[in-house]
Amino acid sequence: MKLRLPHIVLALALYTLAVLAPLAVVLVGPLPEGRGFWIELSIALGFIGLAMMGAQFALTARFRRISTLYGQDSLLQFHRQAGIVAVCLVLAHPVIAIIAEPAYLSFFDPRVNLPRAGALSFVTVVLILIVALSIFRRQIGLSYEWWRLTHGALGFFTLTIGLAHVLMVGHYISPLWKQLVWIVMTVGAMGFLARMRVLIPLTERRRPWRIAEVRPESTGVWTLALEPEGHDGMRFLPGQFVWLTVSDSPLSLQQHPFSIASSADSLRRIELTIKELGDFTSTIGQIQPGARAFLEGPYGGFAFQDDVRCDGLVFIVGGIGITPVMSMLRTIRDRGVTTPATLIYGAPAPDKFVFRDELEAMVRESGLKLTLVAENADEAWPGERGLIDEGVLDRSLPELGEHIHAFICGPEAMMDAVEHSLLRRGAPLGRIHSERFNIV
Ligand SMILES: Cc1cc2nc3c(=O)[nH]c(=O)nc-3n(C[C@H](O)[C@H](O)[C@H](O)COP(=O)(O)OP(=O)(O)OC[C@H]3O[C@@H](n4cnc5c(N)ncnc54)[C@H](O)[C@@H]3O)c2cc1C
């Protein structure tokens, strides 16, 4: 949640323009005779739905500037919601047409036209699959990697068959120029997919990294240190994240997002601190120093920028959500930034606080105000006990002036509660920055 109203208005205006442009192309010039309100509505919905499907590829295309401005998690949330609307609109197209004019059922009749009926039935199933697999992926045990591959492929099929349907029906786009515009727009949308899945990884091939160190931090948490091989490393804002591939090829299916935990002043040694969670992260401890890796990025708008006026920094994190904030704190330390900083850090138990020694050194050396909140701890624990709740915030937060910046990262429930609490306490909306690790 990093809202800048003019940027959001601009983005929504551009998006609306992009999804209505293909319909506008259809409506230019002489039009065929109308076929009644419901049929015309169903056709308009189909065109808009298909254009929205195309725009889906742009939303996930990983443009760095856009990702920094809007935050990758916000873009993916929008992608998810817009995708559901797009599928509903595309499905509404035949449903409304058939209800208004049952003769349109013949489009699905293989006896009338086998290829057409086959393609339309296939795309209907594909559309339902896209939504169902995205919602129920975990329940059916589909791995993230296979879901991601399937998702892109199903989207590609939908757009291809959608374009073929538009061209073959041809009712509204009989002039050749209209057909060409639709073909160019569709190929352009697919280009976004090719850019993300093929072109960017191929570019990364020229900028490999080497795993320099694999270091245990606490039970089930590891730090990977990476050094550039034959290039200058990576410039990033503290708080941003990269996509990591540990493989000899950047085209590997296994590509995972991790926040950079090291200082932004250390371009030639990037550290990622990773918690064991699933199939990939559970293998981190077995990675051998010397292994080749690729880093794509940096991405994300969850970033501390020291050229922006700031009278106070508040960090509220839970669990492994400490990683992007650690990069900010290390950068602040390295640059000698004197802005008062408060960190409220929750973890399940006292031995689960990653970077505890380094944070306590920051308390002594640079005046960081640190509150450690252990969910389960005995009486001897000197910090707070339980969850990060209103009481902890009352006791630990400084006064939230107009020029503070608050950064929140951790479990969903904690983030929602803390965001609302900060707003109630008067923190300006545009100065509350959140990063959600569960983007899919
Ligand atoms: C912006 C961002 C920054 C992150 N930073 C850190 C960090 O600093 N340290 C850390 O330990 N974790 C971080 N994560 C979470 C980390 O990406 C997942 O824990 C990891 O990808 C899980 O992979 P897995 O195969 O081990 O687990 P799985 O069991 O396969 O996946 C567990 C869950 O992680 C998510 N996930 C898995 N693979 C991917 C992928 N390729 N892309 C996106 N999401 C995926 C899915 O929601 C999945 O359900 C971050 C996530 C995001 C989005």
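Every chain's residues receive numbers from 1 upward, in the order its sequence appears when written. Totals for whole chains, interfaces and linings use every residue, but because this is a predicted model, local features are given only for residues with pLDDT of at least 70 and side-chain atom pairs only at 80 or more, for both listing and counting. Heavy atoms from the whole structure form the basis of all side-chain values; hydrogens and water molecules are not counted.

Chemist: Can you walk me through the site of the ligand in this structure?
Modeler: Each residue is tested against the molecule or strand, and it is near if at least one of its non-hydrogen atoms lies within 4 Å. Close contacts around the ligand come from 25 residues, with Gln255, Pro257, Lys275, Asp279 and Thr281 the closest. Measuring from a nitrogen atom of the ligand, one finds a backbone N or O atom of Thr273 at 2.9 Å. Polar contact criterion, stated in full: a pair of N or O atoms within 3.5 Å, where within protein one must be able to donate a hydrogen and the other to accept it, and residues adjacent in sequence count only if both atoms are side-chain atoms. For the ligand, an oxygen atom lies 3.1 Å from a polar atom in the backbone of Phe280. Each accessible area is a Shrake-Rupley result for a 1.4 Å probe, and residues are judged covered by the shown protein chains and nothing else. In the complex, the protein chains occlude 91% of the 880 Å² of accessible area that the ligand would expose alone. The way it works is that DSSP assigns letters per residue, a run of H or I at least four long becomes a helix, a run of E at least two long becomes a strand, and they are numbered from the N terminus. Those elements that provide at least two residues to the shell around the ligand are β3 (241-246), β4 (256-259) and β5 (270-275). The dominant element in the shell around the ligand, judged by the number of residues it contributes, is β4, at four residues.

Chemist: Looking at this model, I keep getting lost on the domain arrangement of the protein chain. Mind explaining?
Modeler: Reports of interface size often rely on the accessible area that becomes lost once the parts have come together. When the domains of the protein chain are assigned, the result is domain 1 (5-204), domain 2 (209-299) and domain 3 (312-435). Domain start and stop positions are those given by an automatic or database domain assignment. Each of domain 2 and domain 3 has a C-alpha centre, and these two points are 24 Å apart. Note on contacts: a residue pair is in contact if any heavy atoms of the two residues lie within 4.5 Å. Contacts between the two partners involve 18 residues from domain 2, matched on the other side by 15 residues from domain 3. Taken over both partners, the interface formed by domain 2 and domain 3 buries close to 1300 Å², and the fraction arising from carbon and sulfur atoms is 53%. Basic side-chain nitrogens of Lys or Arg form a salt bridge, by our definition, when they fall within 4 Å of a carboxyl oxygen of Asp or Glu. Inspection of the domain 2/domain 3 interface yields one salt bridge. At the surface where domain 2 touches domain 3, the tally comes to six residue pairs in polar contact (both at pLDDT 80 or more). Residue assignment for the side of domain 2 that touches domain 3 shows that the elements contributing at least two residues are β1 (209-218) and β5. Per element, the largest residue contribution to the side of domain 2 that touches domain 3 is three residues, and it comes from β5. By residue class, the composition of the side of domain 2 that touches domain 3 is seven nonpolar, seven polar and four charged. The buried area of a pairing is the accessible area, by a 1.4 Å probe, that goes missing from both parts when the two are put together, added over both. Basically, the charged four are Asp, Glu, Lys and Arg, the nonpolar ten are Ala, Val, Leu, Ile, Met, Phe, Trp, Tyr, Cys and Pro, and anything else, Gly included, counts as polar.

Chemist: Explanation requested: the environment of Ile320 in the structure shown.
Modeler: The residue Ile320 is located in the loop between β7 (312-318) and α8 (322-335) in this model. Along the chain, Ile320 and Ile274 lie 46 residues apart, while their C-alpha atoms are 7.5 Å from each other. What Ile320 contacts, discounting residues up to four positions off in sequence, is Val221, Thr273, Lys275 and Phe437.

Chemist: How should the packing of helix α2 (residues 37-59) against helix α4 (residues 72-100) be read in this particular structure?
Modeler: What describes two packed helices is the angle between their axes and the distance between those same axes. Relative to each other, α2 and α4 sit at 155°, their axes nearing to 8 Å. Overall, the two elements α2 and α4 adopt an arrangement that is roughly antiparallel. Considering the relative orientation of α2 and α4, their crossing is left-handed. Taken together, the residues of the contact of α2 with α4 sort by class into 22 nonpolar, seven polar and no charged. Here, axes are lines fitted to C-alpha atoms. For helices the fit covers the stretch in contact, and angles between N-to-C directions go from 0 to 180 degrees. Roughly parallel refers to an angle under 35 degrees, roughly antiparallel to one over 145, roughly perpendicular to one between 65 and 115, and oblique to any angle outside these ranges. Handedness of each helix crossing follows the sense of rotation of the near helix against the far helix: counterclockwise by less than a right angle gives left-handed, clockwise gives right-handed.

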